[in-house]
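# Examining the three-dimensional arrangement
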Amino acid sequence: MLTITSLWIPFTVIAASGQVARNAMQRSLTKPLGTWGATNIRFLFGFPFSLLFLGVVLVATGDHLGMPPSAFWPWLLLGALSQIVATGLMLLAMNDRSFVVTTAYLKTEAIQTAIFGFVFLGDHLTWLKVLAIVIATVGVVITALRPGGEKSFAELKPTILGLVAAAAFALSAVGFRGAIITVPNVSFVTAASFTLVLGLFVQTLILTIYLLWRAPKILQAILGLWKPSLFAGFMGAFSSQFWFLAFALTAAANVRTLALIEVLFAQGVAYYSFKQPIAPREIFGIALIVVGVAVLVGA
């Protein structure tokens, strides 16, 4: 039976599935808008929906928001800016010839989140949960690698790109959790929703100013494609809402480890929709992910 503290499990599953849908829609918009234009969609068109979510939450809970404490803002900026930096590094990795290996390094995010969460927030993780994080991460790395890809592990560029991007994503998760838990005198739902609104506002402001400066025609193109962008923005805000709800209830490392089930969703889509066979290596990696997630949830 689910309790309030264990709600982070379904919240994370919903967020991961919503993220798969959002990524698919963003991918279709990358060609006409470019990578940064497609990235800005999740912020620009997601922000109005986050305001709507917050309004519904405030009506439902009766909470009253005041000015957040001074400690809130450094955490929020850490989360928002780190996510933008991580996305940029990930885009660079996509252009690297060792993309698959870099992607494998990106999956160390869960381990790095555990380290940063312990250092900066004092998030407590039992040895059993640490073991679960390591097992699931190894499973994702095995699943992500392709035959011959291990030859590139010694190369410096994919190593740096992957590990630094993973660190930035980890810092983003820790930063957003740090901001959420500083919001006083409201329910965890309100704290998460409020943090999401301000986080998306900061990210929208930064990326929109950047596009105005470097590529104003991209902003015009975004407005011209408002219909598909609106749905992509909704899915982005929807998945982020549940990420933040999960962050409000448990250590960011728990959330980011359970989020590795996104790999299972992607494999399922590839198998059932595109009839792509699953290699024995991928089956072994998926088995490790399932074991790691099962240990994490049961710990």
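Notes on the structure follow. (Residues numbered from 1 in each chain as written. Predicted model: local features only at pLDDT ≥ 70, side-chain atom pairs only at ≥ 80, totals over all residues. Heavy atoms only, no water.)

Within the chain, the regular secondary structure consists of 13 helices and zero strands. Counting from the amino terminus, helix and strand elements in the chain follow one another as α-α-α-α-α-α-α-α-α-α-α-α-α. Buried residues in the chain amount to 52% of all 299 residues. Contacts in the chain between residues far apart in sequence, at least 24 positions, make up 87% of those at least 6 positions apart. (Helix = DSSP H or I, 4+ residues; strand = E, 2+ residues; numbered from the N terminus. Buried < 20%, exposed > 50% of the residue type's maximum accessible area, 1.4 Å probe, protein only. Contact = heavy atoms within 4.5 Å.)

Turning to the packing of helix 8 (residues 188-214) against helix 10 (residues 226-249), a few remarks are in order. Geometry of a packed helix pair, given as the angle between the helix axes and the separation of the axes. At a closest axis distance of 9 Å, the pairing of helix 8 and helix 10 adopts a crossing angle of 130°. With respect to helix 10, the element helix 8 is oriented oblique. The element helix 8 and its partner helix 10 pack so that their crossing is right-handed. Of the residues in helix 10, those touching helix 8 at F188, V189, A192, S193, T195 and L196 are A237, S240, Q241, F244, L245, A248 and L249. Here the contact of helix 8 with helix 10 is built from residues that sort into nine nonpolar, four polar and no charged. (Axes fitted to C-alpha atoms, helices over the stretch in contact; angles between N-to-C directions. Parallel < 35°, antiparallel > 145°, perpendicular 65-115°, else oblique. Left-handed = near helix turned anticlockwise from the far one by under 90°. Nonpolar A, V, L, I, M, F, W, Y, C, P; charged D, E, K, R; others polar.)

One pass over the structure, following the stated rule, counts two salt bridges. Linking E109 and R256 is a salt bridge whose minimum nitrogen-to-oxygen distance equals 2.8 Å. Of this pair, E109 sits in helix 5 (residues 109-121) while R256 sits in helix 11 (residues 252-258), and the two are 147 residues apart along the sequence. Residue E109 is classed as buried on the basis of its relative accessible area of 12%. A relative accessible area of 15% means that R256 is categorised as buried. (Salt bridge = Lys/Arg side-chain N within 4 Å of Asp/Glu carboxyl O.)

Moving on to the environment of A114. Secondary-structure assignment places A114 in helix 5. Residue A114 is classed as buried on the basis of its relative accessible area, which comes to 14%. Each C-alpha atom of the pair A114 and A252 lies 7.2 Å from the other, and the pair is 138 residues apart in sequence. Other than its neighbours up to four places away in sequence, A114 contacts L125, I133 and A253.

Further remarks concern the packing of aromatic side chains. By the definition in use, this model includes 14 aromatic pairs. Connected via pairs of aromatic rings, a cluster forms that spans F11, F49, F53, F231, F234, F238 and F242. A cation over a ring is seen here: R214 above W213, with NZ or CZ 5.3 Å from the ring centre. Above the face of the W243 ring, R256 is positioned so that its terminal group lies 4.7 Å from the ring centre. (Phe/Tyr/Trp six-rings, centres within 6.5 Å; stacked < 30°, edge-to-face > 60°. Lys NZ or Arg CZ within 6 Å of the ring centre and 35° of its normal.)

Looking now at the environment of Y105. Inspection of the secondary structure assignment puts Y105 in helix 4 (residues 99-106). Between the alpha carbons of Y105 and V140 there is a distance of 9.9 Å; along the sequence they are 35 residues apart.

Okay, helix 13 (residues 280-298) next. The end-to-end C-alpha distance of helix 13 is 27 Å, a good match for the 27 Å that 19 residues give at a rise of 1.5 Å each. When helix 13 is considered as a whole, its buried residues turn out to be E282, G285, I286, L288, I289, G292, V293 and L296. Seen along its axis, helix 13 keeps its buried residues to an arc of 155°; they face one direction. Turned more than 90 degrees off the buried face of helix 13, the exposed positions are P280 and G298. (Expected span 1.5 Å × (residues − 1). Arc of directions from axis to C-beta.)

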